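Read off the chains here:
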Amino acid sequence: MRNTSVIELSKEALCNNLRFLKNRVGDERVYSSVVKGNAYGHGIEVFPHLAKDCGIRHFSVFDSFEAYTLHQSFQNHVKIMIMGMVEPEAVEWCVENDIEFYVFDQFRLQQALSAAKKVKKPARIHIELETGMNRTGIPRKLFEVTLNTIRENEPLLEVKGLCTHFAGAESVANYYRIQRQYKMMHNHIKWFEKRGFPRVKHHTACSAAMINFPKTMMDMVRIGILQYGYWPSRETFVNFLGKNPDKHDPLKRVITWKTHLMDIKSVKTGEFVGYGTTFMAENDITVASIPVGYSHGYSRSLSNHGRVLLHGQRVSVIGLVNMNMMLIDVTNVENPQPGDEVVLIGSQGDLDISVASFGELSNQLNYELLTRLPKDIPRIIVD
Ligand SMILES: *Cc1c(COP(=O)(O)O)cnc(C)c1O
């Protein structure tokens, strides 16, 4: 039985993006592919396999459950790093299976230590340092005790990295804050070096940082949104174009989200369409329904704003996005029929719909809409 919509993943597009990105990152740095949030909606069961086929050997996830899912697929054939939550009962499993994870407080450090003792294997950790985001990260005043604990338990705590995360590298508005974070990270690294700390991997860069502040790439990058073919913000894209003479977007969208027309009807001038009064027909129009709504991850905030592709033309979402369906204005489309393909995200003919193309709507919607694509929509690999 088929679902009302499908998500196609283009391997060709992904390999293209990874070639471009790895080329900028260089061979001497580690490229970590960020696949948290169900691989930004692309499917954590499917996407990492494509990425591995395109040469990726290092993945970053948010939590221990995502790490577990990845490990089920790959065993120890790829490196896995957890950047956020490790459930207490999963710490031992991580140590046992060589899963690397962030430590940003003394509690986690102690957990890592006891797990290592129990499993009789070193815990492989990345020390996250506070540089000004004030989310997670060890503050300067606790460096000393952290270092002492590490020293006293040398073989059991194997530090793989010193890292931090920037608080919004995609926006010029945050320029000074990011610069301050970058300088602080340097000072932190020096603090450790002065005390004879071994040379571990230093990493700070996400997609936006890599493009806007290439020096943040250090020894390793953690790249999410760019590899899926989306820019973290319009500013980042414009900044990139400014520095690149050939002025074209090197990225290709990996996802195409498709459905089909369900029903078609005529609506007379002056009639309201759908629930309430948010849309009134100003002419005689043809309206089509499609079987996708907010329960399928199509944001309700795209009511009267969204655009979809039909017969290679851009058409508008009209009225409110309902739970299971929405309406589009197909007046200018020649002979639309139930069953005709509708593209919600991705390309059809010469046109392309990315979430960010919906005018004033924030780029954050790229991340949000993608990650909200329900797990049960089938992911199909094409080319
Ligand atoms: C999500 C995340 C990234 C990747 O961010 P993108 O903007 O998608 O590249 C990198 N580092 C950390 C700590 C993250 O949480």
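The structure this text deals with has already been given above.
The following refers to the structure shown. This is a predicted model, so every value here is computed, not measured.

**Some remarks on the packing of helix 6 (residues 106–119) against helix 7 (residues 143–152)**
Okay, so step 1: For the pair helix 6 and helix 7, the least separation of the axes is 11 Å and the interaxial angle reads 5 degrees. Between helix 6 and helix 7, the angle falls in the class roughly parallel. Along the contact surface, helix 6 presents Gln106, Leu109 and Gln110, while helix 7 presents Val145, Thr146, Thr149 and Ile150.
Okay, so step 2: A class-by-class count of the residues in the contact of helix 6 with helix 7 yields three nonpolar, four polar and no charged.

**Description of a positive patch on the surface**
Okay, so step 1: Among the surface-exposed residues, Arg140, Lys190, Lys194 and Arg195 lie close enough to one another that they form a single positively charged patch.
Okay, so step 2: Here Lys194 is to be found in helix 8 (residues 175–194).

**Digging into the pattern of salt bridges**
Okay, so step 1: Within this structure, the stated rule accounts for 13 salt bridges.
Okay, so step 2: Its salt-bridge partner being Asp249, residue Arg253 comes within 3.3 Å of it at the nearest N-O pair.
Okay, so step 3: Its relative accessible area of 21% is what places Arg253 among the partly exposed residues.
Okay, so step 4: You can call Asp249 partly exposed: its relative accessible area is 24%.

**Observations regarding the packing of aromatic side chains**
Okay, so step 1: Evaluated as defined, the whole model comprises 15 aromatic pairs.
Okay, so step 2: Aromatic pair Phe20 and Phe240: ring centres 5.8 Å apart, planes at 85 degrees, arrangement edge-to-face. Highlighted residues: Phe20 in helix 1 (residues 11–25) and Phe240 in helix 10 (residues 234–243), separated in sequence by 220 residues. Of the two residues examined, Phe20 and Phe240, each falls in the buried class.
Okay, so step 3: Between Phe47 and Tyr228, the ring centres sit 4.7 Å apart and the planes meet at 40 degrees, which makes this aromatic pair tilted. Of this pair, Phe47 sits in helix 3 (residues 47–53) while Tyr228 sits in the loop between strand 9 (220–223) and helix 10; the two residues are 181 residues apart in sequence, bridging distant segments of the chain. Here Phe47 and Tyr228 have matching classes, each one buried.
Okay, so step 4: Among the aromatic residues, those joined into a cluster by ring pairs are Phe20, Trp231, Phe237 and Phe240.

**Some thoughts on unusual backbone geometry**
For residues other than glycine, phi is negative in most cases, and the peptide bonds are mostly trans.
Okay, so step 1: Phi is positive for Asn38, close to 55 degrees, though the residue is something other than glycine.
Okay, so step 2: Given the relative accessible area of 11%, Asn38 is considered buried.
Okay, so step 3: Unlike most non-glycine residues, Lys247 shows phi in positive territory, near 50 degrees.

**Looking at the state of the cysteines**
Okay, so step 1: Per the stated rule, a full pass over the model turns up one disulfide.
Okay, so step 2: Between the sulfur atoms of Cys15 and its disulfide partner Cys54 the distance amounts to 1.9 Å. Its S-S torsion of about -80 degrees marks the bond between Cys15 and Cys54 as left-handed, since a negative value means left-handed. Of this pair, Cys15 sits in helix 1 while Cys54 sits in the loop between helix 3 and strand 3 (58–61), and the two are 39 residues apart along the sequence.

**Observations regarding the sheet that holds strand 5 (residues 100–103)**
Okay, so step 1: With parallel pairing, the eight strands of this closed barrel are ordered in space as 2-3-4-5-6-7-8-9. In this sheet, adjacent strand axes meet at a mean angle of 30 degrees when their direction is disregarded.
Okay, so step 2: For strand 2 (residues 30–34) and strand 9, the ladder comprises four bridges, and the chain directions are parallel. When the bridges of strand 9 are listed, Val30 appears paired with Met220.
Okay, so step 3: In the packing of helix 1 onto the sheet, the strands contacted are strand 2 and strand 9, and the crossing angle to strand 2 comes to about 140 degrees.

Procedures and definitions
- Residues numbered from 1 in each chain as written.
- Predicted model: local features only at pLDDT ≥ 70, side-chain atom pairs only at ≥ 80, totals over all residues.
- Heavy atoms only, no water.
- Axes fitted to C-alpha atoms, helices over the stretch in contact; angles between N-to-C directions.
- Helix = DSSP H or I, 4+ residues; strand = E, 2+ residues; numbered from the N terminus.
- Parallel < 35°, antiparallel > 145°, perpendicular 65-115°, else oblique.
- Contact = heavy atoms within 4.5 Å.
- Nonpolar A, V, L, I, M, F, W, Y, C, P; charged D, E, K, R; others polar.
- Patch = residues over 30% accessible without salt bridge, like charges linked within 9 Å, V, L, I, M, F, W, Y side chains within 5 Å.
- Areas by Shrake-Rupley, 256 points an atom, 1.4 Å probe, with all protein chains shown as cover.
- Salt bridge = Lys/Arg side-chain N within 4 Å of Asp/Glu carboxyl O.
- Lys, Arg positive; Asp, Glu negative; His and termini not counted.
- Charge placed at Lys NZ, Arg CZ, Asp CG, Glu CD.
- Buried < 20%, exposed > 50% of the residue type's maximum accessible area, 1.4 Å probe, protein only.
- Phe/Tyr/Trp six-rings, centres within 6.5 Å; stacked < 30°, edge-to-face > 60°.
- Disulfide = S-S within 2.5 Å.
- Pairing = 2+ DSSP bridges.

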